[in-house]
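Structure assessment
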Amino acid sequence: QVPLVESGGGLVQAGGSLRLFCVVSRKVSVYTNMAWYRQVPGKQRELVAIIRPGGDLYYVDSVKGRFTIARDIAQNTVTLQMHDLKPEDTAVYYCNQDPPISSWWGQGTQVIVSS
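In this report, the structure presented in the accompanying data block is examined.

**Things to note about the sheet that holds strand S2 (residues 10–13)**
If you walk across this open sheet you meet the 6 strands as S2-S10-S9-S4-S5-S6, and the pairing is mixed. Across the chains shown, the open sheet's two edge strands, defined by having one partner strand only, are S2 and strand S6 (57–59). Averaged over all adjacent pairs, the angle separating strand axes in this sheet is 25°, with direction ignored. The sheet contact formed by strand S5 (residues 46–51) and S6 spans 3 bridges and is antiparallel. For Ile-50, the partnering residue across the bridge sits in S6 and is Tyr-58.

**Looking at the state of the cysteines**
For the structure on display, the rule yields 1 disulfide. Note that Cys-22 is cross-linked by a disulfide to Cys-95, the S-S spacing being 2.3 Å. Across the S-S bond of Cys-22 and Cys-95 the torsion is about -75°, and the bridge reads as left-handed. Of this pair, Cys-22 sits in strand S3 (residues 18–24) while Cys-95 sits in strand S9 (residues 91–97), placing them 73 residues apart in sequence. You'll find Cys-22 and Cys-95 in the same group, each marked buried.

**Focus: the nonpolar core**
Grouped together as the largest cluster of nonpolar side chains are 27 residues, with contacts concentrated most on Trp-36, Phe-67, Ile-69, Leu-80, Met-82 and Tyr-93. Contributions of two or more residues to this core are made by S3, strand S4 (34–39), S5, strand S7 (67–72), strand S8 (77–82), S9 and strand S10 (109–114). Looking at which element gives the most residues to this core, the answer is S3, with 4 residues. Core analysis: the second largest hydrophobic core is formed by 5 residues, Ala-35, Tyr-37, Ile-50 and Tyr-94 among them.

Calculation rules
- Residues numbered from 1 in each chain as written.
- Predicted model: local features only at pLDDT ≥ 70, side-chain atom pairs only at ≥ 80, totals over all residues.
- Heavy atoms only, no water.
- Pairing = 2+ DSSP bridges.
- Helix = DSSP H or I, 4+ residues; strand = E, 2+ residues; numbered from the N terminus.
- Axes fitted to C-alpha atoms, helices over the stretch in contact; angles between N-to-C directions.
- Disulfide = S-S within 2.5 Å.
- Buried < 20%, exposed > 50% of the residue type's maximum accessible area, 1.4 Å probe, protein only.
- Core = buried A, V, L, I, M, F, W, Y, C linked by side-chain atoms within 4.5 Å.

See below:
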């Protein structure tokens, strides 16, 4: 059973905002990197953002300044706040560790940004 569930996606106009949620049902070490990924049909899954122990953050260039990843250790959740969304952000978004664990890929949450 996949130990996490993503939610928060939806349809939004360009320039809008969404917050994605990832609830992890399995205990995850505080020393584990957590990340958000996204995938467009027919393309490879892309790493979007990472949050590392101590709060070190990574973002792919295309989302820098617009997306913010955060983690609540106590609640075992990871969020992705997305602002100024663009049509090219349209994808299915997934949460996983970094590097990802193959058995942790869930259903993801669909984000559609209309122009």
